[in-house]
Amino acid sequence: MSRLLPTLLCSVLLSTAPAGLADERDVHNPDPWEGLNRKVYIFNDYIDRNLLVPTARAYQWITPDPVQRGVRNVIDNLLEVTTVANGLLQGKFSQATSDTGRFLVNSTVGVLGVFDVASRIGLERHDEDLGQTLGYWGVPSGPFVVVPFFGPFTVRDGLAFVVDTSTTDYLANLDDVRTRNSVTVLRFVSLRADLLKSEDLISGDRYSFIRDAYLQRREYLVRDGKVEDTFGDEDYEEDWDEW
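No experiment lies behind these values; they were computed from the predicted model shown.

Enquirer: Whenever I open this one, the pairing of strand S1 (residues 144-147) confuses me. Can you help?
Expert: Side-chain positions along a regular strand alternate between the two faces of the sheet. Side-chain alternation along S1 places Phe144 and Val146 on one buried face and Val145 and Val147 on a second face that is also buried. The sheet contact formed by S1 and strand S2 (residues 151-154) spans 4 bridges and is antiparallel. Counted as the bridge partner of Val147 is Gly151 from S2. Hairpin geometry of S1 and S2 is characterised by an intervening segment of 3 residues between the two adjacent antiparallel strands and by a positive phi of about 75° at Phe149.

As structure tokens, then:
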């Protein structure tokens, strides 16, 4: 059921979108649904502060650092399938070959991905998904949208996320429902724990900060880092890599 939520919401948004969805004006206003988005953000923020953050802090306190790293590595390793598929769709054959090598090395020598052996031998990790693939081929992002429980997307990236999840995300497609739900919870908690250290970076209006950071991050990924130096800082690429 949880995997249907982004699909249903994005379908509703598309069906109720103004006729000028792809108008020139939307290029200059990436958040035409800000009123609705802010309401959903408030709901998500309440769930985050009262459920996810306490759970993530408890997870960090209880779980030894090596185990946390191992969990992250296993999840990242399984997501290599999505990365390889979308690398091929973008014509990045050399990168896709390298990413396939990463997956094979970490799945075997790295004990099912628990240890990131591939990085130690020079096989760099990449991040590709269908939203980036569509952007690479010129599909516009569409308006910014905040999805209940799932957070920020653009219409393009939200729909692409559903496709990636249903086709190349092994953990989201486990047959045993109890196992799949347990793994899903662990993924959310692990991801939220990783983001705790970034809380201090948020300043001013939290909604606007998160929206702008998300949109800039997605643009950075779609263009493989070849974007304008928005902050007038030569370390722009390094800043985004830290996120």
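Enquirer: What exactly am I supposed to notice about unusual backbone geometry here?
Expert: Note: most residues except glycine have negative phi, and most peptide bonds are trans. Phi at Val111 is positive, roughly 55°, even though this residue is not glycine. Relative to the helices and strands, Val111 resides in the loop between helix H6 (93-108) and helix H7 (117-120). Unlike most non-glycine residues, Phe149 shows phi in positive territory, near 75°. Tracing the sequence through the fold places Phe149 in the loop between S1 and S2.

Enquirer: Would you mind going over the pattern of salt bridges with me for this structure?
Expert: Between side chains of opposite charge, a pair can form as their charged atoms come close. Considering all chains together, one arrives at 20 salt bridges under this definition. For the salt bridge of Arg211 with Asp31, the shortest nitrogen-to-oxygen distance reads 3.0 Å. Here Arg211 is found in helix H11 (residues 206-222), whereas its partner Asp31 is found in the loop between helix H2 (24-28) and helix H3 (34-62), with 180 residues between them in sequence. Classification of Arg211 by relative accessible area gives buried; the value is 13%. The salt bridge involving Arg218 is made with Asp157; its shortest N-O contact spans 2.9 Å. In this pair, Arg218 sits in helix H11 while Asp157 sits in helix H9 (residues 155-167), placing the two residues 61 residues apart along the sequence. A single burial state applies to Arg218 and to Asp157, both of which are buried.

Enquirer: What am I meant to see in the packing of aromatic side chains here?
Expert: Aromatic rings in a pair are described by how distant their centres are and how their planes are angled relative to each other. In this structure the tally under the stated criterion is 8 aromatic pairs. Geometrically, the ring pair formed by Phe144 and Tyr207 is edge-to-face, given 6.3 Å between the ring centres and 75° between the ring planes. Here Phe144, found in strand S1, pairs with Tyr207, found in helix H11; they are 63 residues apart in sequence, far enough to count as distant. Comparing Phe144 with Tyr207, the two get one shared label, buried.

Scoring rules and cut-offs
Residues numbered from 1 in each chain as written. Predicted model: local features only at pLDDT ≥ 70, side-chain atom pairs only at ≥ 80, totals over all residues. Heavy atoms only, no water. Buried < 20%, exposed > 50% of the residue type's maximum accessible area, 1.4 Å probe, protein only. Helix = DSSP H or I, 4+ residues; strand = E, 2+ residues; numbered from the N terminus. Pairing = 2+ DSSP bridges. Salt bridge = Lys/Arg side-chain N within 4 Å of Asp/Glu carboxyl O. Phe/Tyr/Trp six-rings, centres within 6.5 Å; stacked < 30°, edge-to-face > 60°.

These figures capture arrangement, not role.
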